[in-house]
Amino acid sequence: MQTFEKDILSQNEKSWNALAEDFFGVTALPILGCSIPTEDELKLFPDLSGKSVFEMGCGSGHSLKWCAEHGAKELFGLDISEQQLLTAKKLLNESGYSCTLFHQPMEDNTNIPQNYFDVVYSVYAIGWSTDIEKTIKNAASYLKSDGIYIFSWDHPLLHCVDLESVAISGGNRTVATEDRIVFSGNYLEEDYYTFEKIGNPLTLQNRKVSTYINALADAGFAVERVVEETSEKVLAKSSEFSSGYYADFKAKHFPLSIVFKARKL
Ligand SMILES: C[S@@+](CC[C@H](N)C(=O)[O-])C[C@H]1O[C@@H](n2cnc3c(N)ncnc32)[C@H](O)[C@@H]1O
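Calculation rules
- Residues numbered from 1 in each chain as written.
- Predicted model: local features only at pLDDT ≥ 70, side-chain atom pairs only at ≥ 80, totals over all residues.
- Heavy atoms only, no water.
- Helix = DSSP H or I, 4+ residues; strand = E, 2+ residues; numbered from the N terminus.
- Rg over C-alpha atoms; globule rule 2.2 N^0.38 Å.
- Buried < 20%, exposed > 50% of the residue type's maximum accessible area, 1.4 Å probe, protein only.
- Contact = heavy atoms within 4.5 Å.
- Areas by Shrake-Rupley, 256 points an atom, 1.4 Å probe, with all protein chains shown as cover.
- Lys, Arg positive; Asp, Glu negative; His and termini not counted.
- Charge placed at Lys NZ, Arg CZ, Asp CG, Glu CD.
- 1 Å grid on protein atoms, 1.4 Å probe; cavity = no way out; pocket = protein on both sides within 12 Å on 5 of 7 lines; lining within 4 Å.
- Points joined across faces, edges and corners; volume = space filled by probe spheres on them.
- Nonpolar A, V, L, I, M, F, W, Y, C, P; charged D, E, K, R; others polar.
- Pairing = 2+ DSSP bridges.
- Axes fitted to C-alpha atoms, helices over the stretch in contact; angles between N-to-C directions.
- Near = heavy atom within 4 Å.
- Polar contact = N/O pair within 3.5 Å; in protein donor to acceptor, adjacent residues only side chain to side chain.
- Sits in = over half its atoms within 2 Å of the grid points.

> I would appreciate a short explanation of the overall build of the protein chain in the present structure.
Scanning the protein chain from N- to C-terminus turns up eight helices and 11 strands. Over its C-alpha atoms the protein chain spans a radius of gyration of 20 Å, differing by no more than 12% from the 18 Å that the globule rule assigns to 265 residues. Principal axes of the C-alpha set define a box for the protein chain whose edges measure 70 × 40 × 40 Å. The 265 residues of the protein chain split such that 48% are buried. Of all intrachain contacts in the protein chain linking residues separated by at least 6 positions in sequence, the fraction that spans at least 24 positions is 69%. Accessible area for the protein chain stands at about 12600 Å²; split by element, carbon and sulfur atoms hold 48% of it. For the protein chain, the separation between the mean place of its 24 positive charges and that of its 37 negative charges on side chains is 4 Å.

Structure (structure tokens):
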């Protein structure tokens, strides 16, 4: 791993340690993303009864708990943040479930069982990887043949657009305003960018849909499903303008999150 990527991981690790409390159970199954149908509706996961599951970027452990409640026999998780892992261990133990947790980045496959799991998944974590090809190859190596890999993240279009309220003039006065989504970014650019969450710097890359699909193909997966949908609930809301990065107004025009389901060949 290059020093640049190491520095990003170390900065993100510190920030996720500081953010752990604010992200307690925030993005966890059955939720797979923002304003998209839930796993209860999508039914992407196979029957988990007696299955071994592994979450890459397990955060506070709420998704692992959901897997246990759906019959999973063995719970494994990995996260870069020790603080998140402490929270996950506490949550799972207090719920009566045992788990095996690894404190390491998803780019690193040290000590993780190979050809072992029925299901490997990530709920809103894969985007933090500094090496998507390696991370997806790691996922493939953990799965048994025919095993299922599911991951969700921001839809790449989300990073490319902004909201704008434009004044419509009639004569010499404004008669109305029109709310628009403007394409202000560059879909082709996969460079790193840094932003702040509650004062903590985080760095990641926006990736094209094809980057994920090609990485899956190169790692020996067959893609079974790609979900690009907005939930019925959000679509049925009044079409009032709403602001914010994950605004409903945007969700009515394109999916804010994307989910991939693949099978190891
Ligand atoms: C939005 S949270 C995921 C929440 C999780 N799905 C749950 O059920 O609680 C994203 C997680 O990714 C972790 N993360 C960030 N970069 C990572 C990396 N390179 N490798 C592993 N985990 C990482 C963060 O520490 C954080 O816990």
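So much for the structure itself; the text now carries on.
> Just checking my understanding: could you explain empty space enclosed by the protein for this structure?
Rolled over the atoms, a probe with the dimensions of a water molecule shows which regions are left empty. Following the criterion strictly, the structure yields one cavity of 30 Å³ or more and no others. Reported here for the largest cavity is a volume of approximately 40 Å³. When its residues are assigned to classes, the lining of the largest cavity shows five nonpolar, four polar and one charged.

> Can you walk me through the sheet that holds strand β2 (residues 74-79) in this structure?
Hydrogen bonding along the main chain pairs the strands of a sheet, whether they run parallel or antiparallel. Across the sheet, seven strands lie side by side as β3-β2-β1-β4-β5-β11-β10; this open sheet has mixed pairing. With partners counted over all chains shown, the strands left at the sheet margins are β3 (100-103) and β10 (221-227), one partner each. Ignoring which end each strand starts from, the neighbouring axes of this sheet average 15 degrees apart. Taken strand by strand, helix α4 (residues 82-94) contacts β2 and β3, and its axis lies near 175 degrees from that of β3. Together, β5 (143-154), β10 and β11 (257-264) form the strand contacts of helix α6 (residues 209-218), whose direction differs from that of β11 by roughly 10 degrees.

> Would you take a moment to explain the site of the ligand for this structure?
Near the ligand you find 24 residues, and of these Thr27, Ser63, Asp79, Gln84 and Met106 are the closest. Glu55 is positioned such that a nitrogen or oxygen atom in its side chain is 3.0 Å from a nitrogen atom of the ligand. Take Ser60: an N or O atom from its side chain is 3.2 Å from an oxygen atom of the ligand. Within the complex, the protein chains bury 99% of what would otherwise be the 600 Å² of accessible surface of the ligand. Here the ligand is seated within the largest pocket.

> What am I meant to see in the side chain of Asn206 here?
Topologically, Asn206 is positioned in the loop between β9 (200-205) and α6. Residue classification places Asn206 among the buried residues on the basis of a relative accessible area of 7%. From its side chain, Asn206 meets the backbone oxygen of Pro156 in a polar contact 3.0 Å long. Each residue touching Asn206, except ones within four places of it in the same chain, is listed here: Pro156, His159, Cys160, Glu189, Glu190, Asp191 and Tyr193.

> Help me understand the pairing of β11 in this model?
For a regular strand, side chains alternate in direction, first toward one face of the sheet and then toward the other. Counting buried residues in β11 gives seven out of eight residues, a clear majority hidden from the surface. Bridge count between β5 and β11: seven bridges; the pairing is antiparallel. Counted as the bridge partner of Ile150 is Lys261 from β11. By the bridge criterion, six bridges tie β10 to β11 in an arrangement that is antiparallel. Each bridged residue has a counterpart across the sheet, and for Val227 the counterpart in β11 is Val259.

> Would you explain the layout of surface pockets in this entry?
Computed from the structure, the largest pocket encloses a volume of approximately 770 Å³. Residue assignment for the lining of the largest pocket shows that the elements contributing at least two residues are α1 (3-19), α3 (62-69), β2, β5 and β8 (192-197). In terms of residue class, the lining of the largest pocket is built from 22 nonpolar, 13 polar and five charged.

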